[in-house]
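Examining the three-dimensional arrangement
Okay, here's what each chain looks like letter by letter:
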Amino acid sequence: MPDQTWWKRGIVYQIYPRSFQDTNEDGIGDLEGIRRRLDYLAWLGVEAIWISPFYPSPMADFGYDVCDYRGVDPMFGTMEDFERLVEDAHARDLKVILDFVPNHTSEEHPWFQRSRQSRDNDKRDWYIWRDAAPDGGPPNNWISNFGGSAWQWDEATGQYYYHAFLKEQPDLNWRNPEVREAMYDAMRFWLDRGVDGFRVDVIWHLIKDERFRDNPPNPSFQPGQAEINRFLQVYSADQPEVHEVIAEMRSVLQEYPERVLIGEIYLPLERLVAYYGADLKGAHLPFNFQLLQASWRAEEIARLIVEYEDKLPYGGWPNWVLGNHDQKRIATRVGLEQARLAGMLLLTLRGTPTMYYGEEIGLGNVQIPPEAVQDPWEKNEPGLGLGRDPARTPMQWEPTDNAGFTGGKPWLPLAMDHRECNVACLREDEHSILALYHQLIHFRQSHAALRVGSFELGGTEGNVLAYERRHGDERFRIALNFSQENRSSALPRGTKARIVLSTALDRTGEELDGSVALRPNEGILVTLGE
Ligand code: TEU
Ligand code: CA
């Protein structure tokens, strides 16, 4: 077995803690709930869990507005709950990755409370304060990601402060060395408690243009899009100095063995790969979100895989994502049949896969009635379909009321089909999507060619994506039928070929000769040679 560190070898599973498992009947998931589901996660075969924020927060953005970087919000439990969770996870060989939110705090963070009091207090420069433009308007044209100006007027001191997200989320000034040190200490606080790494929120936003120049208009902006798209984010994010900051963060992690730094970055590929850092001293895994936007066709997917492999810096480790708490769920984006194919793709590509809870049961977006909307983005820019609640609904565990998620009233509604689509029922069904995920994960974990082997593109003919993974004597061929037609995919001649898995889970062991027949939407994993 090649010697690979855990975050290269294994699968990361994202948990949105509000929605995973409630244990005190308040309708909101909690840390104890995650702990009680660790056996399930170990059964599934993932390597690590990444938990979205559970720090004390007024929850304006559901925890991405932190008011204490060293605590647990009572809604999610206590520090003892957290310690028990880490201990029990580690006992099952599961790593624990925290979501770290360094770009902004909550407006209720004591730092900001102090910062806004006067122009000359010791926390003033920890945030970004600017005078009004000559006409009294905001200092520049930057737009908040959630709509409206990114500048908020603050009466008390007669200046604007900058917020890339909600006005309740003022941006920290990462050019200030004191801010950096305070945040690195917060990271150490969790590393000292055994945390195995961080997923760093909006890492590409940390540094802004020193002169705060206006962003240029976006020529392809269309009405009906989120307001943030009005301008190109040339000056408000992705500044060259951000890489120094990330290298510093990385060196904090290097004080501890085998910790991982994952960066959340929404940028075009050329800019994204820079986040591995010079000499790979940046993020270990800058999230690769290409599959989230791709049009779901074999050629398109092949193109982006090849471009990604091509642009990866030497020694940089790839990674793949199908969904997260900000994005439409894969089962809704491509449909349930293709969601199986997507799972096979994710788990057979070269690089670390990150799964989003519920993908393994085929959970789709859930329609949220207007009166149940929670996401502030939907409230700020209603009617454009921007709200993220539909992809954040409770995990479905059992065929009971509220699917075993809560004994109370769930904070978001469950999917209509939760009596059939849940872990208990799908575990009984040997052909279910959950069975497919389980088998794929375990097969991947026991075969080095899939975990760490080479990748070679076969072709895309007839909307079938074919590729090979190899390591030593192991050789696998994957053929994914993106079309709704019967197709056939050629196999190397003169080589023994046998099906390991079909996405339909009904062809294992079938011997092949020269080609493989594919039903509509079917994906096949084939072993070649002996
Ligand atoms: O998301 C950052 C981010 O860029 C997204 O909000 C993105 O703009 C949107 O989903 C469209 O793809 C992170 C967190 O993941 C998100 O939940 C937070 O709301 C945001 O940062 C602020 O912390
Ligand atoms: Ca709870």
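Attention in this report is confined to the structure presented alongside it. (Residues numbered from 1 in each chain as written. Chains lettered and ligands numbered in written order. Predicted model: local features only at pLDDT ≥ 70, side-chain atom pairs only at ≥ 80, totals over all residues. Heavy atoms only, no water.)

What follows is about the overall build of the chain. The helix and strand tally for the chain stands at 16 helices and 19 strands. Relative to a compact globule of 530 residues, whose C-alpha radius of gyration would be 24 Å, the chain shows 24 Å and is just as compact. Across its three principal directions, the C-alpha atoms of the chain cover 75 × 50 × 50 Å. A total of 530 residues make up the chain; the buried ones form 62% of that total. Intrachain contacts of the chain at a sequence separation of at least 6 include 69% that bridge at least 24 residues. (Helix = DSSP H or I, 4+ residues; strand = E, 2+ residues; numbered from the N terminus. Rg over C-alpha atoms; globule rule 2.2 N^0.38 Å. Buried < 20%, exposed > 50% of the residue type's maximum accessible area, 1.4 Å probe, protein only. Contact = heavy atoms within 4.5 Å.)

Taken together, eight strands build an open sheet; the order of strands is E9-E8-E7-E3-E2-E1-E11-E10 and the sheet is parallel. A strand with exactly one partner marks an edge of an open sheet, and here the two such strands are strand E9 (285-286) and strand E10 (319-321). Bridge count for strand E7 (residues 197-200) against strand E8 (residues 260-263) is four bridges, and the pairing is parallel. Across the sheet, Phe-198 pairs through a bridge with Leu-261, a residue of E8. (Pairing = 2+ DSSP bridges.)

Looking now at the pairing of strand E11 (residues 352-356). Most of E11 is tucked away, with five of its five residues classed as buried. In E11, alternate side chains face the same way, and those of Thr-352, Thr-354 and Tyr-356 on one face and Pro-353 and Met-355 on the other are all buried. In terms of strand pairing, strand E1 (residues 12-15) meets E11 through three bridges, oriented parallel. Each residue of the ladder has a partner; that of Val-12, found in E11, is Thr-354. Note: E10 against E11, three bridges, orientation parallel. Bridging across to E11, Val-321 finds its partner in Thr-354.

It is worth spelling out the coordination of the calcium ion (ligand 2) at this point. Under ideal tetrahedral coordination, the four donors around a metal are separated by 109.5 degrees; under ideal octahedral coordination, the six donors are separated by 90 or 180 degrees. Those donors, Asp-22 (OD), Asn-24 (OD1), Asp-26 (OD), Ile-28 (O) and Asp-30 (OD), are the protein atoms that reach the calcium ion (ligand 2), and they lie 2.3 to 2.4 Å from it. Along the chain, the residues that donate to the calcium ion (ligand 2) are spaced as D-x1-N-x1-D-x1-I-x1-D. (Donors = N, O, S within 2.8 Å, 3.2 Å for Na, K, Ca; no water.)

Formed by 152 residues in total, the largest nonpolar core has its most connected members in Tyr-13 and Trp-190. A total of nine residues in this core trace back to one element, the largest contributor, which is helix H6 (residues 177-192). (Core = buried A, V, L, I, M, F, W, Y, C linked by side-chain atoms within 4.5 Å.)

Moving on: helix H12 (residues 336-348). The terminal C-alpha atoms of H12 lie 19 Å apart, and with 13 residues this matches the ideal 18 Å at 1.5 Å per residue to within 8%. The element H12 is largely enclosed, with a buried count of 11 among its 13 residues. The complete set of buried residues in H12 reads Gln-338, Ala-339, Arg-340, Leu-341, Ala-342, Gly-343, Met-344, Leu-345, Leu-346, Leu-347 and Thr-348. (Expected span 1.5 Å × (residues − 1).)

Our next topic: helix H10 (residues 298-311). Taking 1.5 Å per residue, 14 residues should reach 20 Å; H10 reaches 20 Å between its end C-alpha atoms and fits that length. Taken as a whole, H10 has its buried residues at Ala-298, Ile-301, Ala-302, Leu-304, Ile-305 and Tyr-308. Against the buried residues of H10 lie helix H8 (269-272), helix H9 (290-293), E10, H12, strand E12 (454-459) and strand E13 (464-471).

Side chains Gly-197 and Arg-199 of E7 all project onto a buried face; the interleaved residues Phe-198 and Val-200 project onto the opposite face, where all are buried too. Across four bridges, the pairing between strand E3 (residues 95-100) and E7 is parallel. Its bridge partner being in E7, Phe-100 is matched across the sheet by Val-200. Following the chain from E7 across helix H7 (residues 242-253) to the adjacent parallel E8, one finds a crossover that is right-handed. (Right-handed = clockwise from strand over helix to strand, strands pointing away.)

Take unusual backbone geometry next. Even without a glycine there, the phi angle at Asp-238 is positive, about 55°. Among the structural elements, Asp-238 can be located in the loop between E7 and H7. Although it is not a glycine, Glu-258 adopts a positive phi angle of roughly 55°. With respect to the helices, strands and loops of the structure, Glu-258 is situated in the loop between H7 and E8.

The next point concerns the side chain of His-325. Topologically, His-325 is positioned in the loop between E10 and helix H11 (330-334). His-325 gets classed as buried once you look at its relative accessible area, which sits at 1%. A polar side-chain atom of His-325 sits 3.1 Å from a polar atom in the side chain of Tyr-64. Looking at His-325, its side chain comes within polar contact range of the side chain of Asp-326, at 3.4 Å. Ignoring any residue separated from it by four or fewer positions in sequence, one finds His-325 in contact with Gln-14, Tyr-16, Ser-52, Tyr-64, Arg-199, Tyr-356, Arg-388 and Arg-392. (Polar contact = N/O pair within 3.5 Å; in protein donor to acceptor, adjacent residues only side chain to side chain.)

Turning to the packing of aromatic side chains, a few remarks are in order. Inspection of every chain in the model, using the stated rule, returns 38 aromatic pairs. Geometrically, the ring pair formed by Trp-153 and Tyr-160 is edge-to-face, given 5.1 Å between the ring centres and 70° between the ring planes. Here Tyr-160 falls in the buried class, since its relative accessible area comes to 8%. Linked through ring pairs, Tyr-13, Phe-20, Tyr-40, Trp-43, Tyr-356, Tyr-357 and Trp-397 together constitute an aromatic cluster. (Phe/Tyr/Trp six-rings, centres within 6.5 Å; stacked < 30°, edge-to-face > 60°.)

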